[in-house]
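Listed below are the residues making up each chain.
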Amino acid sequence: MDTRGIDQMLSELRSVSQAAQNKPVETAAPAAGGVNFADVLDNALKDVSAAQSEARQMAQEFSAGDPNVNLQDVMVNLQKANLSFQQMVQVRNRLVTAYQDIMNMPV
């Protein structure tokens, strides 16, 4: 059994986990000229779309019998795309809830 895909995924998860632990938490609001929320959200949506497209393409290549694509890589990419989509749905749900809370505030 070829475990290259699984080993690669584990190393990616470990590096992301390490980076998340070393990232300082920012408590103050960004200064003028900081990050635009709309741009961040747009980039996140594009990343999710790209992950889904890549996973779909890889699955089609595997189905077509491409010898360079193995099942483990296909399954890992499909799960990555699924998780990123689920994460984006949760972000959307939080945004809708925040919007509703703001709209229900007394003036």
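The structure under discussion appears in the preceding block.
Residues numbered from 1 in each chain as written. Predicted model: local features only at pLDDT ≥ 70, side-chain atom pairs only at ≥ 80, totals over all residues. Heavy atoms only, no water.

Regarding its fold elements, the protein chain presents three helices and zero strands. For the protein chain, the sequential pattern of α-helices and β-strands runs α-α-α. For the protein chain, the proportion of its 107 residues judged to be buried stands at 13%. Taking the intrachain contacts of the protein chain between residues at least 6 apart in sequence as the baseline, contacts between residues at least 24 apart amount to 63%. Accessible surface computed for the protein chain: about 8800 Å², of which carbon and sulfur atoms make up 58%. (Helix = DSSP H or I, 4+ residues; strand = E, 2+ residues; numbered from the N terminus. Buried < 20%, exposed > 50% of the residue type's maximum accessible area, 1.4 Å probe, protein only. Contact = heavy atoms within 4.5 Å. Areas by Shrake-Rupley, 256 points an atom, 1.4 Å probe, with all protein chains shown as cover.)

Right, let's talk about helix H2 (residues 37–63) for a bit. Given a rise of 1.5 Å per residue, 27 residues ought to cover 39 Å, and the 39 Å separating the end C-alpha atoms of H2 matches this to within 8%. Turning to H2, its buried residues are Val 48, Ala 55 and Met 58. Tucked into the core, H2 has its buried residues touching helix H3 (71–103). Looking at the residues trailing H2, positive phi occurs at Gly 65, about 90°. (Expected span 1.5 Å × (residues − 1).)

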